[in-house]
Amino acid sequence: MTIDPTAYALSEWRAAIIAETTAGTINKTSMQLVNIDGPATITRNPTLFTGVRSGIGRTAKAADVYASEYGMEKTIQMSGLLDTAVGLILMENVTGIEKSTTIDIPGNYTNEIKIGETPISDNIHTLSFCNIIPEGDKSEFYPGCVVDELKVTMDAANDGGRWHFDTTLKTRANVEVAAAPTTPVAFGTTRRSIFDFGAAAAVVSFATLGGAADAILDSLELNFKGNVQWGGLGVNGVGQTINRGMPKFEITGVFGLKFDANTVDSNTIYRTGTPVVVRIHNAASLETSNFGFIGYNGTITADVNQEDVRSGAYVKVPIDFEAPASGNMFQIVI
């Protein structure tokens, strides 16, 4: 045997996703590259037994070992710089709702997927994911993925305010090891920034936080949690149904704001549980914006304390968005 002199940098690992046309079946065609920070972290989670069975002597035997990936949830975690192409895929998939003018999450939210459903041509069912490995034909393809968690962040003092993401995909399907996709689609070139909300007609409004609605925004974080569950057996344990929102679909945010007359009442609102409506979009209305959101019935969930930001007093306001009696819980456009 001889050594292999080839060396790799972690930046040579790539990731790609694409919507499936049959739910749970690998789609390798024109996969969209994701602008990741580093290699995706994959928890393969096989059932693995290495214990001692009955036999001669007090040792575990090679024949006792049992390994199976059937029926086991695999998780894929990645972070990176978000562009609008990947952002739309992830946002539509984590919510299970297709964008019209906006992506509208209703107060009476329910969402199901049937494994094997076909033909489909959207981002709201299942995705195929590829962990592109720069060594031989050893890339890993995972079909039947659903975005279970998506966090998007922006900070005026970080990376020019650009939009970053952390996400977790889950699947109960089983891996296929094969050659990397030959013609993946390049990163999207449109990338949003917190400074988009500085446009002349932009709205940054936190209704009921103070004497007026307007607030000066320094950072934001939005978290979407699908709480995805699989049901049934399916061929090779891949499942038969996928349900989002088990037991609930969660949307939370943390907003960095300047402390002033328009944010001073944050702790009063926290103590009383008074709802807050958050409107942040880069045009006068969400419908005319190409980037922004409205969160209804927000509840401040923790103490709001002052902190030093560039020698000034700012606050971080944590908000949990709840469903109204009727209408939308949250609307977003990217």
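Just above, that's the structure.
Residues numbered from 1 in each chain as written. Predicted model: local features only at pLDDT ≥ 70, side-chain atom pairs only at ≥ 80, totals over all residues. Heavy atoms only, no water.

(A) How the structure looks around the sheet that holds strand S15 (residues 229-231). Spatially, 3 strands are ordered S8-S16-S15 in an open sheet, and the strand pairing comes out antiparallel. A strand with exactly one partner marks an edge of an open sheet, and here the two such strands are strand S8 (111-114) and S15. Here the strands of the sheet are splayed against their neighbours by 20° on average, with no regard to which way each runs. Here S8 pairs with strand S16 (residues 241-244) via 4 bridges, running antiparallel. Each bridged residue has a counterpart across the sheet, and for Asn-111 the counterpart in S16 is Arg-244. (Pairing = 2+ DSSP bridges. Helix = DSSP H or I, 4+ residues; strand = E, 2+ residues; numbered from the N terminus. Axes fitted to C-alpha atoms, helices over the stretch in contact; angles between N-to-C directions.)

(B) Expanded view of the packing of aromatic side chains. On inspection of all chains with the given rule, the structure shows 9 aromatic pairs. Geometrically, the ring pair formed by Phe-321 and Phe-330 is edge-to-face, given 5.3 Å between the ring centres and 70° between the ring planes. No difference in accessibility class separates Phe-321 from Phe-330, as the two residues are buried. Aromatic ring contacts, followed pair by pair, group Phe-206, Phe-224, Phe-255, Phe-293, Phe-321 and Phe-330 into a single cluster. The positively charged end of Lys-28 is found above the aromatic ring belonging to Phe-141, 4.6 Å away from the centroid. (Phe/Tyr/Trp six-rings, centres within 6.5 Å; stacked < 30°, edge-to-face > 60°. Buried < 20%, exposed > 50% of the residue type's maximum accessible area, 1.4 Å probe, protein only. Lys NZ or Arg CZ within 6 Å of the ring centre and 35° of its normal.)

(C) Structural context of the side chain of Glu-20. With respect to the helices, strands and loops of the structure, Glu-20 is situated in the loop between strand S1 (14-19) and strand S2 (32-34). It turns out Glu-20 is buried and unbridged, and the closest side chain with the opposite charge, Arg-244, is 10 Å from it. Side-chain polar atoms of Glu-20 contact the side chain of Thr-126, separated by 2.5 Å. A polar contact is formed between the side chain of Glu-20 and the side chain of Ser-128, at a distance of 2.6 Å. When neighbours within four sequence positions are excluded, Glu-20 is seen to be in contact with Thr-25, Ile-26, Asn-27, Ile-120, Thr-126, Leu-127, Ser-128, Pro-143 and Gly-144. (Lys, Arg positive; Asp, Glu negative; His and termini not counted. Salt bridge = Lys/Arg side-chain N within 4 Å of Asp/Glu carboxyl O. Polar contact = N/O pair within 3.5 Å; in protein donor to acceptor, adjacent residues only side chain to side chain. Contact = heavy atoms within 4.5 Å.)

(D) Highlighting the pattern of salt bridges. On inspection of all chains with the given rule, the structure shows 9 salt bridges. Among the ionic pairs, Arg-44 bridges to Glu-140, the shortest N-O distance being 3.0 Å. With Arg-44 in the loop between strand S3 (41-43) and strand S4 (47-49) and Glu-140 in strand S10 (residues 139-155), this residue pair connects regions lying 96 residues apart in the sequence. Residue classification places Arg-44 among the partly exposed positions, given a relative accessible area of 40%. Among the salt bridges present, the one from Glu-307 reaches Lys-316, with a minimum N-O distance of 3.8 Å. By relative accessible area, which is 35% here, Lys-316 ends up partly exposed.

(E) Examining unusual backbone geometry more closely. The residue after Thr-118, namely Pro-119, is reached through a cis peptide bond having omega -15°. Along the chain, Pro-119 turns up in the loop between S8 and strand S9 (127-132). For the bond from Met-246 to Pro-247, the omega torsion is 10°, close enough to zero to count as cis. By the element assignment, Pro-247 lies in the loop between S16 and strand S17 (250-258).

(F) Spatial organisation of the pairing of strand S21 (residues 312-321). The buried count for S21 comes to 7 of 10 residues, which makes it a mostly enclosed element. In this structure, S17 lies alongside S21, joined through 8 bridges in antiparallel fashion. Considered in S21, the bridge of Ile-251 is made with Phe-321. As defined by bridge partners, strand S19 (residues 292-300) adjoins S21 across 3 bridges and the pair is classed as antiparallel. If you follow Gly-298 over to S21, its bridge partner there is Phe-321. Where strand S20 (residues 306-309) hands over to S21, the hairpin turn is made up of 2 residues, of which Arg-310 adopts a positive phi near 50°.

(G) Summary view of the side chain of Ser-219. Structurally, Ser-219 is set in strand S14 (residues 217-225). You can call Ser-219 buried: its relative accessible area is 7%. In this structure Ser-219 touches Met-154, Asp-155, Ile-194, Val-254, Phe-255, Gly-256 and Lys-316, once residues within four positions along its chain are discounted.

(H) Just helix H1 (residues 84-95), in detail. In this model, H1 (12 residues) spans 16 Å end to end at C-alpha, consistent with the 16 Å of a helix rising 1.5 Å per residue. Burial within H1 is extensive, with 10 of its 12 residues counted as buried. Buried within H1 are the following residues: Thr-84, Val-86, Gly-87, Ile-89, Leu-90, Met-91, Glu-92, Asn-93, Val-94 and Thr-95. Where H1 begins, the capping side chain belongs to Asp-83, and its oxygen is found 3.0 Å from the backbone nitrogen of Ala-85. A positive phi of about 75° marks Gly-96, the residue just after H1. (Expected span 1.5 Å × (residues − 1).)

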